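As a plain string of letters, each chain reads:
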Amino acid sequence: MIELDGAGVVVGPRDHEVTVLEPTTLTLTERRVAVIGANGSGKSTLARLVNGLTLPTTGYVRVHGLDSHDDGPAVRRTVGFVFSDADAQLVMPTPLEDVALSLRRLGLRGRARDERSREILARFGLDHLADVSVHALSGGQKQLLALAGVLATEPQVLVCDEPTTRLDLRWRTHVTALLAGLEQQVLVVTHDLDAAQDADRVLVVDGGRVVADGDPREAVRAYRELMARPVDGG
Amino acid sequence: MRSSRRRRRVREPWAGPLGSYTPGPSPVHRIPPGPKLLGLAVVSVVLTIVQGPWVAVGTVVLSGVLLRVATVPARAAARALAPVAVAAALLGLYQWWARGWEVGVTTAASLVALVALATVLTASTRTDVLLDTLVRSTGPLRRVGIQPQTVALTIALMLRTIPSLVTMSGEVRDAARARGLGRDPRALLVPFALRAVARAHTTGDALAARGILEEDPSAQVGDAARR
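Residues numbered from 1 in each chain as written. Chains lettered and ligands numbered in written order. Predicted model: local features only at pLDDT ≥ 70, side-chain atom pairs only at ≥ 80, totals over all residues. Heavy atoms only, no water.

Chemist: How should the overall build of chain B be read in this particular structure?
Modeler: Scanning chain B from N- to C-terminus turns up eight helices and zero strands. When its helices and strands are written in sequence order, chain B yields α-α-α-α-α-α-α-α. The proportion of buried residues among the 227 residues of chain B is 38%. In chain B, of all internal contacts separated by at least 6 residues, the share reaching a separation of at least 24 is 71%. Roughly 13,500 Å² of accessible area belongs to chain B as shown, and the carbon and sulfur atoms make up 65% of that amount. (Helix = DSSP H or I, 4+ residues; strand = E, 2+ residues; numbered from the N terminus. Buried < 20%, exposed > 50% of the residue type's maximum accessible area, 1.4 Å probe, protein only. Contact = heavy atoms within 4.5 Å. Areas by Shrake-Rupley, 256 points an atom, 1.4 Å probe, with all protein chains shown as cover.)

This is the structure we're talking about:
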């Protein structure tokens, strides 16, 4: 369960403060939550609050009762985070080593860590690429590997910030189906409105505020109406 | 009608000489990473102290033999080391002109030999195994407040990042060419620097999001240190 209790984010010096996210109160218990909104609307900030990557400047964020401010490491153990730029998320030179890096958190060592890493890669259909340079993987393979690396530690909640934005249709379909099949609670920031409609709950963020929240069809319709307005400076 | 132009194969971007592990059962693969690292360190010191063209050229020959024994594909090794060889040759020519042929040959050959030996090390040793060894060997740094795990992760990130930065530089160059600014250094350097910094930020976020080095560091990078 994800709770935002008056959680807001303000950045910049005191005399030039910019509100990125207005104080927001939400309780997310649904298994599949989608966050949609225009570029710069604050949806990524909302996602980062859940993992503790960004701390609220007002209010609180709690995940399964853990406060992101006071229990940061525990929150990050509980919440996995996948970025849109998988290339930047992969730390080690080969897929096997990258998954193994995640498993170090679980205290797995040596041969056991290797075997577990290979099992995880096999589950994601990447076992044949275990020792290939990460640099040589396609965008879809990199995103799949990023997911494997995050899910290796079996987080209870998964947050994905535009995980399919850089993928072609085939990989987008594959990653979307994979996310849909996960046991974890998944919060996805996305521009893919078809995928958003399949969620259990959709939040629409605009101008740093949640302007629509609830039934996916109604929320997506509200978003389409919002986006039909002319672009400033366009 | 057949085209008279020859088709060219699109090659993968240059990924640098280091960090490309090649699995294999060779004798070099079977040597534990500790002795390999120590050997590289000893050769570096010897080349610095015992200066001379024949010692340096001999080390180049030795590194070539080791690359062969480690079953690093010759074409891949040549392609990875070629830019280093060109840079070493330019440096060597300058030294030849400034200080004589012996210094020129020594400088160029030493540089090529050390990078080639480092290539043997990374081609025959998995990075995470290397990390464990680095953590063990840099353990005493804890006394001066430096976390060995951080040092090891920094080296792993360096090995991982070099190919990405090479790709990024190609993208920036293409973008500058597309705007007709291919010869303007500002159109190359400024976006490259900005993108490199942005990438560093994203990688930092990713490390933080994965909780790497966050809790008990000894349980993470280089857990062999506790064995």
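Right, picking up where we left off after that structure.
Chemist: It is not clear to me how the overall build of chain A should be interpreted in this structure. Could you clarify?
Modeler: A count of helices and strands for chain A gives nine helices and ten strands. Burial analysis of chain A (234 residues in total) assigns 55% to the buried set. A fraction of 66% describes how many contacts in chain A between residues 6 or more apart in sequence connect residues 24 or more apart. For chain A, the exposed surface amounts to about 10,300 Å²; the carbon and sulfur share of it is 47%. Charge-centre separation for chain A: the mean point of 26 positive side chains lies 4 Å from the mean point of 33 negative side chains. (Lys, Arg positive; Asp, Glu negative; His and termini not counted. Charge placed at Lys NZ, Arg CZ, Asp CG, Glu CD.)

Chemist: Help me understand the interface of chain B and chain A, please; the structure alone is not making it clear to me.
Modeler: The extent of an interface is frequently quoted as the accessible surface area lost upon association of the parts. Opposite the 39 residues of chain B that make contact, chain A presents 34 residues. A buried area of about 3,200 Å², summed over both sides, lies between chain B and chain A, and 51% of it is on carbon and sulfur atoms. Considering only the side of chain B, the residues that lose the most area to chain A are Arg 126, Arg 160 and Arg 210 of chain B, jointly responsible for 25% of the buried surface there. Inspection of the region where chain B meets chain A yields six salt bridges. Linking Asp 87 of chain A and Arg 199 of chain B is a salt bridge whose minimum nitrogen-to-oxygen distance equals 3.2 Å. Inspection of the chain B/chain A interface yields nine residue pairs in polar contact (both at pLDDT 80 or more). (Buried area = accessible area lost by both parts, 1.4 Å probe. Salt bridge = Lys/Arg side-chain N within 4 Å of Asp/Glu carboxyl O. Polar contact = N/O pair within 3.5 Å; in protein donor to acceptor, adjacent residues only side chain to side chain.)

Chemist: Whenever I open this one, the environment of Val 61 of chain B confuses me. Can you help?
Modeler: Relative to the helices and strands, Val 61 of chain B is located in helix α3 (residues 53-69). Along the sequence, Val 61 of chain B and Ala 113 of chain B sit 52 residues apart, while their C-alpha atoms lie 8.1 Å from each other.

Chemist: Help me understand the packing of helix α2 (residues 33-49) of chain B against helix α6 (residues 127-137) of chain B, please; the structure alone is not making it clear to me.
Modeler: To describe two helices that pack against each other, one gives the angle between their axes and the distance between the axes. Residues and elements named next belong to chain B. At a minimum axis separation of 9 Å, α2 and α6 run at an interaxial angle of 70°. Accordingly, the angle class assigned to the pair α2 and α6 is roughly perpendicular. Side by side, α2 and α6 meet where Pro 33, Gly 34 and Leu 37 of the first sit next to Val 129, Leu 130, Thr 133 and Leu 134 of the second. Of the residues assigned to the contact of α2 with α6, the class counts are five nonpolar, two polar and no charged. (Axes fitted to C-alpha atoms, helices over the stretch in contact; angles between N-to-C directions. Parallel < 35°, antiparallel > 145°, perpendicular 65-115°, else oblique. Nonpolar A, V, L, I, M, F, W, Y, C, P; charged D, E, K, R; others polar.)

Chemist: How do you make sense of the environment of Gly 80 of chain A when you look at a structure like this?
Modeler: All names here are of chain A. Here Gly 80 shows up in strand β6 (residues 79-82). Spatially, the C-alpha atoms of Gly 80 and Leu 158 are 4.7 Å apart, while their sequence positions differ by 78 residues. Other than its neighbours up to four places away in sequence, Gly 80 contacts Asn 51, Val 150, Pro 155, Val 157, Leu 158 and Val 159.

Chemist: Please explain the sheet that holds strand β1 (residues 2-11) of chain A as it appears in this structure.
Modeler: Pairing between the strands of a sheet is mediated by backbone hydrogen bonds and can be parallel or antiparallel. All names here are of chain A. Across the sheet, which stays open at both edges, the four strands sit in the order β2-β1-β4-β5 with antiparallel pairing between neighbours. Each having just a single partner strand, β2 (18-28) and β5 (66-67) make up the two edges of the open sheet. Note: β1 against β2, seven bridges, orientation antiparallel. Of the residues in β2, the one forming a bridge with Val 10 is Thr 19. The strands that helix α1 (residues 43-51) touches are β1, β2 and β4 (58-63); relative to β1, the one it contacts most, it runs at about 120°. (Pairing = 2+ DSSP bridges.)

Chemist: Where do I start with unusual backbone geometry in this structure?
Modeler: Note: most peptide bonds trans; most residues except glycine with negative phi. All names here are of chain A. Despite not being glycine, His 64 shows a phi value in the positive range, around 50°. You can see His 64 is positioned in the loop between β4 and β5. In the Ramachandran plot, Glu 162 falls in the positive-phi region, its phi being about 50° despite a non-glycine side chain. The residue Glu 162 is located in the loop between β7 (157-161) and α7 (169-180) in this model. According to the relative accessible area criterion, Glu 162 is buried, its value standing at 14%.

Chemist: So what exactly am I meant to see when it comes to a nonpolar patch on the surface here?
Modeler: All names here are of chain B. Together, Trp 54, Val 57, Val 61, Val 65, Val 69, Val 86, Leu 90, Leu 93, Trp 96 and Trp 101 make up a nonpolar patch on the protein surface, roughly 1,000 Å² of accessible area in all. At the level of secondary structure, the elements contributing two or more residues to the nonpolar patch comprise α3 and α4 (74-99). Looking at the element boundaries, Val 69 is found in helix α3. (Patch = residues over 30% accessible without salt bridge, like charges linked within 9 Å, V, L, I, M, F, W, Y side chains within 5 Å.)

Chemist: What is the right way to look at the pairing of β6 of chain A in this model?
Modeler: Regular strands place side chains that alternate from one sheet face to the opposite one. Residue and element names in this part refer to chain A. Of the two faces of β6, the one lined by Val 79 and Phe 81 and the one lined by Gly 80 and Val 82 are each fully buried. Two elements, β6 and β7, share four bridges in a ladder whose sense is parallel. Among the inter-strand pairings, Val 82 is bridged to a residue of β7, identified as Cys 160.

Chemist: What's the story with helix α7 (residues 148-178) of chain B in this structure? I'm lost.
Modeler: In an α-helix, one turn spans 3.6 residues, which is why side chains three or four residues apart end up on the same side. All names here are of chain B. Counted at 1.5 Å a residue, the expected span for α7 with its 31 residues is 45 Å, and the 45 Å between its end C-alpha atoms agrees. Of all the bends in α7, the greatest reaches close to 30° and is centred on Thr 161; the proline Pro 163 follows between one and four positions later. Backbone geometry just downstream of α7 places Gly 180 in the positive-phi region, at approximately 75°. (Expected span 1.5 Å × (residues − 1). Bend = angle between axes of the 7 residues up to and from the residue.)

Chemist: Help me understand the confidence of the model for chain B, please; the structure alone is not making it clear to me.
Modeler: Close inspection of predicted coordinates is inappropriate in any region flagged by low pLDDT. All names here are of chain B. For chain B, mean pLDDT is 81; residues scoring 70 or higher make up 85% of the total. In the model, residues 216-227 has pLDDT below 50 throughout and makes 40 contacts with residues more than four positions away in sequence or in other chains. Our summary of model confidence lists the complex with pTM equal to 0.76 and ipTM equal to 0.76. (pLDDT = per-residue confidence, 0-100.)

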